[in-house]
Amino acid sequence: MAPQNPKYSHLIIKEGDIQTVKYDPRGRTKSVARNFGEHGQLLLDGMENIITRHSSTISSLGTNKIAFEIKLHESQKFQDKTRREFLENNKIRINAIKNQTQAIASAAVADFNKFENKVKEYKNTSKNKSEFQFIDSIAPIEIEEKQISKIKEVAKNSALKDEKFDIQAVFLPELTDDEYQTTISNFKQNIKNIGGKLIREPYQLTNGMVIARFEVSGKDIDTVSADEAIYRIEETASYTFEPSESKLTGNLEYSVDENIEPETLPCVVVIDGGIDFSASPQIEPFVLEHLAYKHNEYNNFQHGTAVASRVIFGENMDVQLKTGILVPKARVIDACIFDTKDLTEDNLIEKIKYIVEQYHEKAKIFNMSVNNRKAIDQNTMSLLGYEIDALINKYKIIFTISAGNHNLWKHTDNYDDVLDDDDAIIASPAESTLALTIGAINNEGDPDSLTGKDEISPYSRIGHGFAQNEKPDMVAYGGNISTANNANFGITAISNNGQFVTTSGTSFAAPVIASNAAQIIRYLNNDNNALLTKLLMLHSARPLWETEGLKDEDKNFYKKLYGNGLGNIEDALFSEESKVTFLCSGTMNRLNKQRVKFYIPQLLSKQTRKDAFIVKVTCLSEPPIDYKKGEEYLGAYVSASLHKLSDKGEIKSANPKATQTGRRKWQPYQHFENVFYKTNPGDWELWLQLWTRWEVEDNFEVPYAIAITIEDPLGQMELYSSIQNEVENRYDLMIQNETRIQI
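Residues numbered from 1 in each chain as written. Predicted model: local features only at pLDDT ≥ 70, side-chain atom pairs only at ≥ 80, totals over all residues. Heavy atoms only, no water.

**Student:** What is the right way to read the overall build of the chain from this model?
**Tutor:** Broken down by element type, the chain carries 18 helices and 39 strands. Expected size for 743 residues packed as a compact globule is a radius of gyration near 27 Å; at 28 Å, the chain falls within 12% of this value. Dimensions of the chain along its principal axes, counting C-alpha atoms only, are 80 × 70 × 45 Å. When each of the 743 residues of the chain is scored for burial, the buried share is 58%. (Helix = DSSP H or I, 4+ residues; strand = E, 2+ residues; numbered from the N terminus. Rg over C-alpha atoms; globule rule 2.2 N^0.38 Å. Buried < 20%, exposed > 50% of the residue type's maximum accessible area, 1.4 Å probe, protein only.)

**Student:** Is there a simple way to think about the packing of aromatic side chains in this case?
**Tutor:** In this description, an aromatic ring pair is defined by two values, namely the gap between the centres and the angle between the planes. All told, the structure shown has 24 aromatic pairs when counted by the stated rule. A connected cluster of aromatic rings, assembled from ring pairs, spans Phe582, Phe598, Phe613, Phe676, Trp684 and Tyr731. Over the face of the ring belonging to Phe134 we find Arg83, whose NZ or CZ atom lies 3.7 Å from the ring centre. A cation over an aromatic ring shows up here: Lys629 above the ring of Trp694, its NZ or CZ 4.4 Å from the ring centre. (Phe/Tyr/Trp six-rings, centres within 6.5 Å; stacked < 30°, edge-to-face > 60°. Lys NZ or Arg CZ within 6 Å of the ring centre and 35° of its normal.)

**Student:** Looking at this structure, how should I read the pairing of strand β4 (residues 65-72)?
**Tutor:** Each regular strand displays side chains that alternate between the two surfaces of the sheet. A large share of β4 lies buried, amounting to 7 of its 8 residues. For β4 and strand β6 (residues 102-108), the ladder comprises 7 bridges, and the chain directions are antiparallel. Across the sheet, the residue bridging to Glu69 is Ile104, located in β6. Pairing analysis gives 4 bridges linking β4 to strand β7 (residues 135-139), with the strands arranged antiparallel. Opposite Glu69, over in β7, you have Ala139 as the bridge partner. (Pairing = 2+ DSSP bridges.)

**Student:** Before we go on, may I ask you to explain unusual backbone geometry in this structure?
**Tutor:** If a residue is not glycine, its phi is most likely negative; likewise, a peptide bond is most likely trans. For the bond from Ser428 to Pro429, the omega torsion is 5°, close enough to zero to count as cis. Look at the link from Lys471 to Pro472: it is a cis peptide, with omega at -5°. Note that Pro472 resides in the loop between β24 (436-441) and β25 (474-477). The phi torsion at Asn128 lies on the positive side, around 65°, for a residue other than glycine. Its place among the elements puts Asn128 in the loop between α3 (109-125) and α4 (129-132). We note that Lys396 has phi near 55°; this positive angle belongs to a residue other than glycine. Along the polypeptide, Lys396 turns up in the loop between α12 (383-395) and β23 (398-402).

**Student:** Would you mind going over the sheet that holds β7 with me for this structure?
**Tutor:** Sheet strands associate in pairs through backbone hydrogen bonding, adopting either a parallel or an antiparallel arrangement. Taken in spatial order, the 4 strands make up an open sheet running β5-β6-β4-β7, and their pairing is antiparallel. Looking at which strands have only one partner, the edges of the open sheet turn out to be β5 (93-97) and β7. Adjacent strand axes in the sheet meet at a mean angle of 30° when their direction is disregarded. As defined by bridge partners, β5 adjoins β6 across 4 bridges and the pair is classed as antiparallel. Its bridge partner being in β6, Arg93 is matched across the sheet by Ser106. (Axes fitted to C-alpha atoms, helices over the stretch in contact; angles between N-to-C directions.)

**Student:** What am I meant to see in the state of the cysteines here?
**Tutor:** Here is the idea: a disulfide is a covalent bond, and it sits between the sulfur atoms of two cysteines. Overall, the coordinates contain 0 disulfides when judged by the stated rule. Of all cysteine sulfurs in the structure, the one in Cys336 sits closest to Cys267, which takes part in no disulfide; the separation is 18 Å. Of all cysteine sulfurs in the structure, the one in Cys584 sits closest to Cys619, which takes part in no disulfide; the separation is 9.5 Å. Taking relative accessible area as the criterion, Cys619 reaches 1% and is therefore assigned buried. (Disulfide = S-S within 2.5 Å.)

**Student:** Would you explain the sheet that holds strand β16 (residues 267-272) in this entry?
**Tutor:** Spatially, the 7 strands line up as an open sheet ordered β17-β19-β16-β21-β23-β24-β25, and their pairing is parallel. Only two strands of the sheet have a single neighbouring strand rather than two, namely β17 (287-290) and β25. This sheet shows a mean twist of 25° between the axes of neighbouring strands, independent of strand direction. Of the strands in this sheet, β16, β21 (365-368), β23, β24 and β25 are in contact with helix α14 (residues 510-521), which crosses β21 at around 175°. (Contact = heavy atoms within 4.5 Å.)

**Student:** Explain the environment of Asn469 here, please?
**Tutor:** Residue position: Asn469 is located in the loop between β24 and β25. Sequence separation between Asn469 and Phe115 is 354 residues; the distance between their C-alpha atoms is 38 Å. Excluding residues within four positions of it along the chain, Asn469 makes contact with Thr433, His464, Trp666 and Gln667.

Take a look at the structure:
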């Protein structure tokens, strides 16, 4: 019998256990059967429609440049370099990708006319048929395809034709600086000509996206949408923190652990309504600084202070209070962003960009418990989501973001009604692909709540995210809510008046994960601590459902509610006798696969059929991103394939059968497990392969980190000791034995 849960360091896999295998990523192109006469005429008809539309539309690109859509045959992809080169050689510029087969392109009118002549040749003589056969259509860009979410309804509603709307529009990507300058100048004049006005000067995101914010009447939205210089158009979003009722607990007696020196703790930047611990002088030393931002005249210290208290003391503040001693886990930086109750998206983007630029060297973790009030459109990424992803990618930081709260629970007595409602989906910026999106679960039950203890909180928004990316990433305790009296309860926080309150909301779940991240990153010594910290949190999350034997559709259902599960700081930091975690990190490119060895001890070969053990895998990458690629936004991902030793000593695939959940393509991480019984000990392997989109060079190095856990679910096998005894000194330790850990 193993000792009672002693804690051990995770094991670091050394370079000698990583084998590189050369890979040639060449593909084959299948031809498309066409009647070149009929097909050529179809393409010419589309090009004629483009010219007709161009001549009747006021375009900020000017009269000498034209934008249009190209669609490939369903068997083809713009990933294929030869497809792109044919267009580029004919001076057709690909500005953006909508999906694998559809692209937005532009050309000088003179070059477009030359291309049209080549199509005529193709129609009459089949010349260049080896290239034109792959194109399904060349057509004008329909304005509805540019319009995001509710703006389509506004544009078509005659009752709103004279109402003024605050609009943001993204200009066509991949223009030169001179072209942008001319386009923006033309656009300003065009808006003025239709009686609109620019609200601010056009601005640029970290990823290069150029955006204009302006005001026009409802009747003019289609006119602006028809402008060939416009890539997407939407109503300007606003963001706030959802107010939640707090029940006063009172002025409880407590002290802050005197053994914790503030300067020894890592920092978390709290992007919120302001932090004020002036009524709690024992806590104020754990605020590193208050951002002197020129626009933060408006504060909501109640929300920001409560969020900060959850970062500083973690999720079990109520347990700590019973001892009378609060134990700090992290420091915070107060980044107050609100100058009004609601922030427009452009204003929030500028502030977050400034905050990250200011503090990315002092802190690697940023918490944002601020959301839009509406569910995302899963077909598009918000501008704020794009910006957060770009900042994460540029500065190698971690963002924890609340999934958002909804009020659907107020209108039903059956939680199934909430699940069936699209308004329950996560709210921006929770769809940020590279951020950690955090939902809430109940730490207490109540007969008047729609959900029970350790189940999703009735108000917590659910997944999935943009392009069906798996969101949320995980959950934390965020408190419950009663339908009888709308009372929030369940979690403890500290208010700006120095009193303790009980409250609820995803706002108070996200900072718990930020606090966990701070505790992990404190003990890492790695070139990319943020990536490894994020990996450990994702890998250690505890499922809140029975995992064995689930159908894929059921796994996907639980993923939408809970992500990978409940954040678990102990498993993130420690292995145990019956649960051993191996870690590995590095970089890889398209030309080399990697095979990572990890050891299965002799003990597991002696188990009877009924004694199962589990192998759990998480593979996280740090991919390039490109907003111009639409649904192909993620530029790369690393696939992970589990392999075990057969009876003949051969390496055989050991992946879970008939499942896509957790192993889907084009996700930032893969997270899956499989159950084994009596098996062959020795070196098992995890095979890694990098997959990339076009414009990512084959030799481009993508950082990755993997975690592999072998576990006896009954907690009886001494796996850790067996590994260390059988392969002594093979592995380094994540945390050295002499390091003092406090969680």
